[in-house]
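# Fold and contact review
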Amino acid sequence: GAGVSQSPSNKVTEKGKDVELRCDPISGHTALYWYRQSLGQGLEFLIYFQGNSAPDKSGLPSDRFSAERTGGSVSTLTIQRTQQEDSAVYLCASSSSGLDIQYFGAGTRLSVL
Amino acid sequence: AQSVTQLDSQVPVFEEAPVELRCNYSSSVSVYLFWYVQYPNQGLQLLLKYLSGSTLVKGINGFEAEFNKSQTSFHLRKPSVHISDTAEYFCAVKNAGNNRKLIWGLGTSLAVNP
């Protein structure tokens, strides 16, 4: 596609439910990143994929968070048993191997009630 | 470990005035530096980057930034701002040479008033 696509754009869920957030990177981009943007806390790195493998998962805040990437393309970020503190905008970015520019999607705004 | 400090959380300025948004970083290795802009209700957009070469880099919308290695700074400047420049501006750093995560500042909210 022309840009990084994320869905849904908004998600409202109840505390304790599981949610899945989807990211479709720019075609041909081998690297994919997930970030979280919270009010007053800026942007926080979650996980990085190179192809289908995740060499850096250091930013995942707890074992309730997981992510996968299949076919070197689409990635899904899953949050299990959501808590109110998970409310944030979840951003996905992709980049082409060898280049250092990350292109961002518009994000998914998650609200946990 | 790397870190980024954006010294001003909010910068109010009048239209057509000059502006400087400050960014300092700390790192023990060579870095690449970036400024991203986030307009209201929109995603992040790359404004400019420093990878190597000339320390003065020019970006979109008339913005420029200067990499100062001795002062570990990468301040963003524009000589004359417009109302449309009202947005959140983020400075970010990453290790040079590998395709890994960006470390972000907390952002500076630029409010351009008529």
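Here goes a summary of the coordinates provided. Every value quoted in this text rests on a predicted model; they were computed, and no experiment measured them. Within any chain, residue numbers begin from 1 and follow the written order of that chain's sequence. Just so you know, chain letters begin at A and ligand numbers begin at 1, following the order they were written in. This being a predicted model, a pLDDT of at least 70 is required before a residue's local features are given, and a value of 80 or more before pairs of side-chain atoms are given or counted; all residues contribute to the totals for chains, interfaces and linings. To get the side-chain values, all heavy atoms of the structure are used, and hydrogens and water are removed first.

### Here's the deal with the overall build of chain A
A run of DSSP states H or I qualifies as a helix once it reaches four residues; a run of E qualifies as a strand once it reaches two. Both are numbered from the N-terminal end. The helix and strand inventory of chain A stands at zero helices and 11 strands. When its helices and strands are written in sequence order, chain A yields β-β-β-β-β-β-β-β-β-β-β. Contact criterion: two residues are considered in contact whenever any of their non-hydrogen atoms come within 4.5 Å of each other. For chain A, the share of sequence-separated contacts (at least 6 apart) that also reach a separation of at least 24 residues comes to 53%. When the accessible surface of chain A is totalled, it reaches about 5,300 Å², and 45% of it is carbon and sulfur. Here the accessible surface of atoms and residues is derived via Shrake-Rupley with a 1.4 Å probe, and residues count as covered only by protein chains that are part of the display.

### Some thoughts on the interface of chain A and chain B
Listed by partner, the interface residues are 24 residues for chain A and 18 residues for chain B. Each of two parts loses accessible area, computed with a 1.4 Å probe, when they are put together; buried area is these two losses added. Note on chain A versus chain B: buried area summed over both sides is about 1,600 Å², and carbon and sulfur give 54% of it. Salt bridge, as used here: a side-chain nitrogen of Lys or Arg that lies within 4 Å of a carboxyl oxygen of Asp or Glu. In this structure, the connection of chain A to chain B is made through zero salt bridges. N or O atoms within 3.5 Å of each other form a polar contact, as long as, within protein, one can give a hydrogen and the other can take it, and as long as residues adjacent in sequence are counted only when both atoms are side-chain atoms. Inspection of the region where chain A meets chain B yields three residue pairs in polar contact (both at pLDDT 80 or more).

### Description of the packing of aromatic side chains
Paired rings are identified among Phe, Tyr and Trp, the last through its six-membered ring, by centres lying within 6.5 Å, and are further divided according to the angle between planes into stacked (under 30 degrees), edge-to-face (over 60) and tilted (the rest). For the structure shown, the criterion picks out 13 aromatic pairs over all chains. With centroids separated by 5.9 Å and ring planes inclined at 85°, the aromatic side chains of A:Y35 and B:W104 adopt a geometry described as edge-to-face. Residue A:Y35 is located in strand β4 (residues 31-38), and its partner B:W104 is located in strand β11 (residues 103-104); the two belong to separate chains. Here the term buried applies to any residue with accessible area under 20% of the maximum for its type, exposed to any over 50%, and partly exposed to those in between, with areas from a 1.4 Å probe on protein chains only. Among the residues examined, A:Y35 registers a relative accessible area of 0% and is labelled buried. Each ring, one from B:Y36 and one from B:W104, has its centre 5.3 Å from the other, and the planes form 50°; the classification is tilted. Separated by 68 residues along the polypeptide, B:Y36 in strand β5 (residues 31-38) and B:W104 in strand β11 bring together distant segments of the chain.

### Here we look at unusual backbone geometry
Here the bond from A:S7 into A:P8 is cis, since omega is -10°, no more than 30 degrees from zero. Structurally, the position occupied by A:P8 is in the loop between β1 (5-7) and β2 (10-13). Positive phi, close to 75°, is recorded for B:E16, a residue that is not glycine. Mapped onto the elements, B:E16 comes out in the loop between β2 (10-14) and β3 (19-21). Judged by relative accessible area, B:E16 falls into the exposed class, the value being 61%.

### Things to note about the pattern of salt bridges
Residues and elements named next belong to chain B. Considering all chains together, one arrives at eight salt bridges over all chains under this definition. A salt bridge links D85 to K78; the nearest nitrogen and oxygen atoms lie 2.8 Å apart. Here D85 and K78 have matching classes, each one buried. Taken together, the salt bridges that share partners define one network made up of E20, E66 and R77.

### Comments concerning the sheet that holds strand β3 (residues 19-24) of chain A
Whenever strands of a sheet pair, they do so through backbone hydrogen bonds, lying parallel or antiparallel. Residue and element names in this part refer to chain A. Overall, antiparallel pairing links the four strands, which are arranged β1-β3-β8-β7 in an open sheet. Looking along the sheet, the strands with just one partner apiece sit at the ends: β1 and β7 (65-69). Taken over all neighbouring pairs, the strand axes of this sheet differ in orientation by 15° on average, direction set aside. Two strands pair under a simple rule: DSSP has to find at least two bridges between them. The angle between two axes is taken between their N-to-C directions and runs from 0 to 180 degrees, where each axis is a line fitted to C-alpha atoms and a helix contributes only its stretch in contact.

### Quick word on the nonpolar core
Put simply, a nonpolar core is a bunch of buried Ala, Val, Leu, Ile, Met, Phe, Trp, Tyr and Cys residues held in one set by side-chain atoms that sit within 4.5 Å of each other. Counting 28 residues, the largest nonpolar core has B:L33, B:W35, B:L48, B:F74, B:L76 and B:Y89 as its most contacted members. What B:L33 contacts, discounting residues up to four positions off in sequence, is B:Y25, B:L48, B:K49, B:Y50, B:F67, B:F74, B:A92 and B:V93. Judged by nonpolar contacts, the second largest core, of 19 residues, contains A:V4, A:L21, A:F65 and A:Y90.

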